[in-house]
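For reference, the chains in residue letters:
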Amino acid sequence: MSEEPRSQEEPKVHEERITREVPEAPETLEGPKAPQVAPRTRKRGRTALLIATAAVLGVVAGTCTGYLIQADRPPTPLPPLSQAVVKQAKGEVQPLSAARDPRVRTDGDLRKLLISRPDGARKAAYQVGNEGWIGLAEYARLQMEPESVFVDQITGQFRRNAVTSWRTTDTHHVEIHLVQFRQEESVGARAQTDGAIMWAEHDSGNRGWPIPGTGDGMAYVASTPDREPGYLPLYSAQAHAWRGDIAMNIYIYDTKPVPKKEIMGLAERQMGRL
């Protein structure tokens, strides 16, 4: 059986099909460049904005819900302004004894709170005050700056000053002052003590120690004497403290050094009576 001759058109159709299916070869470096297509990226701004908006709306919704819940609740009653009336005790109140009320002791005879002079001590050669009392003018004259001290005492509401003095030898002299203030406008007793301590600290020759049980009370002993032509050297010691409305000032003078034990002992004894 003879074969039919092939059509001359078939090779052309096949070549066209192959030509359409085969991709074009890339252009050479020398040829024109193909247009570049930018890669697609995912935008996050829109998503973040939606999340933030939802969060804000959630907070607002929660706040509104809280207000609605609170509005539906009954108001909490406040405690009454008036308190229960305490019944007054019947009978008279017994006043405190002098041992329990320090004001009773200090409003009495202030001289009774001064410590007594030790056994064997004699009356001072130079008696200070009159019958255990010393006036403001005389007290100011005993100080280094009388005018300034007088004004300070008036400002501090000076009330009275009880004093005692003695000597154990011809040269050993002790003097104790209890200065009381009214203290209606200021704490004069503390101001008196602070001023005395300031002057004692100003002298570099003084050595100081706290007085036990007095808070800020101090005692001082001079390590060097005061010397003046024609006079024996004069050593000194002093103590200052206050309690309530009373300031305590103690002075000791001698021609030889004053023991620390003596000034501390006198200060503790005297403060123990206040």
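Provided above is the structure to which this section pertains.
What counts and how
- Positions within a chain are numbered from 1, following the residues in the order the chain's sequence is written.
- It should be noted that, the model being predicted, local features are given only for residues of pLDDT at least 70 and side-chain atom pairs only at 80 or more, the latter also being counted only at that level, while totals for whole chains, interfaces and linings use all residues.
- Heavy atoms from the whole structure form the basis of all side-chain values; hydrogens and water molecules are not counted.
- Strands are runs of DSSP state E lasting at least two residues, helices are runs of H or I lasting at least four, and both sets are numbered from the N terminus onward.
- To estimate the expected span of a helix, subtract one from its residue number and multiply by 1.5 Å.
- Exposed residues in this analysis have more than 50% of their type's maximum accessible area, buried residues have under 20%, and partly exposed residues fall in between, with area computed by a 1.4 Å probe over protein chains only.
- Along the arc lie the directions from the helix axis toward the C-beta atoms.
- Strand pairing follows a simple DSSP-based rule, namely that at least 2 bridges must link the two strands.
- Buried Ala, Val, Leu, Ile, Met, Phe, Trp, Tyr and Cys residues form a nonpolar core when they are joined through side-chain atoms within 4.5 Å.
- Two residues form a contact once any of their heavy atoms are found within 4.5 Å.
- Any carboxyl oxygen of Asp or Glu within 4 Å of a side-chain nitrogen of Lys or Arg constitutes a salt bridge here.

Draft legend 1. How the structure looks around helix H7 (residues 260–272). With 13 residues, H7 should cover 18 Å at 1.5 Å per step; its first-to-last C-alpha distance of 18 Å lies within 8% of that length. Listed in full, the buried residues belonging to H7 are Ile263, Met264, Leu266, Ala267, Gln270 and Met271. Mapping the buried residues of H7 onto a view down its axis gives an arc of 160°, with all of them on the same face. Opposite its buried face, H7 presents the exposed residues Lys261 and Gly272, each directed more than 90 degrees away.

Draft legend 2. Highlighting the pairing of strand S4 (residues 218–222). Where burial is concerned, most of S4 is hidden: five out of the five residues are buried. Taking every second residue as pointing to the same face, both faces of S4 are buried, with Met218, Tyr220 and Ala222 on one and Ala219 and Val221 on the other. Alignment of strand S3 (residues 206–210) against S4, held across five bridges, turns out to be antiparallel. Within the sheet, the bridge partner assigned to proline 210 lies in S4 and is methionine 218. Pairing between S4 and strand S5 (residues 235–243): four bridges, direction antiparallel. Along S5, the bridge assignment pairs methionine 218 with histidine 240.

Draft legend 3. Spotlight on the nonpolar core. Among the nonpolar cores identified, the biggest contains 28 residues, and Leu178, Ala239, Met248, Ile250 and Ile263 are the most heavily contacted of them. Counting residues per element, the ones that place at least two in this core are strand S1 (158–167), strand S2 (173–181), S4, S5, strand S6 (246–254) and H7. When residues in this core are grouped by element, the largest group, five residues, is from H7. Beyond its immediate sequence surroundings of up to four residues, isoleucine 250 is in contact with Glu175, Ile176, Ala237, Gln238, Ala239, Ile263, Leu266, Ala267 and Gln270. Among the nonpolar cores identified, the runner-up in size contains 12 residues, and Ala140, Val179, Ala189 and Ala247 belong to it.

Draft legend 4. Representation of the pattern of salt bridges in the model. Applying the stated criterion across every chain yields a total of five salt bridges. Residues arginine 122 and aspartate 170 are paired through a salt bridge, measuring 3.0 Å at the closest nitrogen-oxygen approach. Of this pair, arginine 122 sits in the loop between helix H3 (102–107) and helix H4 (136–141) while aspartate 170 sits in the loop between S1 and S2; the two residues are 48 residues apart in sequence, bridging distant segments of the chain. Residue classification places arginine 122 among the partly exposed positions, given a relative accessible area of 36%. Overall, the relative accessible area of 63% leaves aspartate 170 in the exposed class. Across the salt bridge formed by aspartate 194 and arginine 190, the nearest N and O atoms sit 3.9 Å from each other. Linking aspartate 194 with arginine 190, this pair stays in helix H6 (residues 188–202), spanning four residues, or about one helical turn. Aspartate 194 sits in the partly exposed class, given a relative accessible area of 37%. Salt bridges sharing common partners tie together Arg122, Arg167 and Asp170.

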